[in-house]
Amino acid sequence: KKFKFSVKLHLKELVAVPFVNGFLYAKARLIDGGDFTETSTRAPVENHRVVWDKSFNFTCKMFAKASTGILEPCCIRISIRKEGKGGRIEKLGYVDLNLAEFASAGSCSHGYLLQGYESNKGRDNSVLQVGVLVSLLEGDTVFKRPESQTV
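For clarity, every value in this text was computed on a predicted model and none was experimentally measured. (Residues numbered from 1 in each chain as written. Predicted model: local features only at pLDDT ≥ 70, side-chain atom pairs only at ≥ 80, totals over all residues. Heavy atoms only, no water.)

J.: Would you mind showing me how to read the sheet that holds strand S8 (residues 108-113) here?
T.: Paired through backbone hydrogen bonds, the strands of a sheet run either parallel or antiparallel to each other. Spatially, the four strands line up as an open sheet ordered S5-S1-S9-S8, and their pairing is antiparallel. Sheet topology places strand S5 (49-63) and S8 at the edges, where each strand pairs with a single neighbour. With direction set aside, neighbouring strand axes in the sheet form an average angle of 25°. Bridging between S8 and strand S9 (residues 127-138) involves six bridges; their strand directions are antiparallel. What sits directly across from Tyr-112, in S9, is Leu-128. (Pairing = 2+ DSSP bridges. Helix = DSSP H or I, 4+ residues; strand = E, 2+ residues; numbered from the N terminus. Axes fitted to C-alpha atoms, helices over the stretch in contact; angles between N-to-C directions.)

J.: Quick question: what am I supposed to make of the pattern of salt bridges here?
T.: Any two side chains of opposite charge can pair, given that their charged atoms come close. Within this structure, the stated rule accounts for five salt bridges. Here Glu-83 and Arg-42 are joined by a salt bridge, their closest N and O atoms 2.9 Å apart. Residue Glu-83 is located in strand S6 (residues 75-83), and its partner Arg-42 is located in the loop between strand S3 (37-39) and strand S4 (43-44); the two are separated by 41 residues in the primary sequence. Note that Asp-96 and Arg-77 form a salt bridge whose closest N and O atoms lie 2.7 Å from each other. In this pair, Asp-96 sits in strand S7 (residues 89-98) while Arg-77 sits in strand S6, placing the two residues 19 residues apart along the sequence. (Salt bridge = Lys/Arg side-chain N within 4 Å of Asp/Glu carboxyl O.)

J.: Honestly, the packing of aromatic side chains in this entry has me stumped. Any pointers?
T.: Two descriptors summarise a pair of aromatic rings, namely the distance from one centre to the other and the angle between the planes of the rings. Scanning all chains against the criterion turns up six aromatic pairs. An angle of 85° between the planes, with centres 5.6 Å apart, marks the rings of Phe-5 and Phe-143 as edge-to-face. Highlighted residues: Phe-5 in strand S1 (residues 2-15) and Phe-143 in the segment after S9, separated in sequence by 138 residues. For Phe-5, a relative accessible area of 0% puts it in the buried group. Each ring, one from Phe-36 and one from Phe-56, has its centre 6.1 Å from the other, and the planes form 70°; the classification is edge-to-face. In this pair, Phe-36 sits in the loop between strand S2 (23-30) and S3 while Phe-56 sits in strand S5, placing the two residues 20 residues apart along the sequence. Phe-56 sits in the buried class, given a relative accessible area of 2%. Among the aromatic residues, those joined into a cluster by ring pairs are Phe-3, Phe-5 and Phe-143. The ring of Tyr-117 carries the charged tip of Lys-91 above its face, separated from the ring centre by 5.3 Å. (Phe/Tyr/Trp six-rings, centres within 6.5 Å; stacked < 30°, edge-to-face > 60°. Buried < 20%, exposed > 50% of the residue type's maximum accessible area, 1.4 Å probe, protein only. Lys NZ or Arg CZ within 6 Å of the ring centre and 35° of its normal.)

Structure (structure tokens):
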């Protein structure tokens, strides 16, 4: 079965940032279910916190097995990056969200611990605060969300 969803991803803030200064931004990229990539504005680190308060709106496609009705994963990666001297970009970490877990669940807000990239194995304890609203646009209203994989 095929479904089309409207997604509102609200990038709120990054807390417990291990820097006292600098500029950070976020890049959101849909890995499954469509073609969406967008970047937030650069925002300063103040009191170990970065506030973006930025919403991204897009559509995505999801599929469900006819036998179970459970939606297959539809992931978006939010990558946090630091702007360095001379325009150099440093990838600090990322969060992968499975949008299928939020399908028709109403507005949800969560905090996610940043995962480190291979080049940045020493993970910090920064927490990305996001809000997610995933609403059905097209398809049968009978489907099941997968079990949440987030801790």
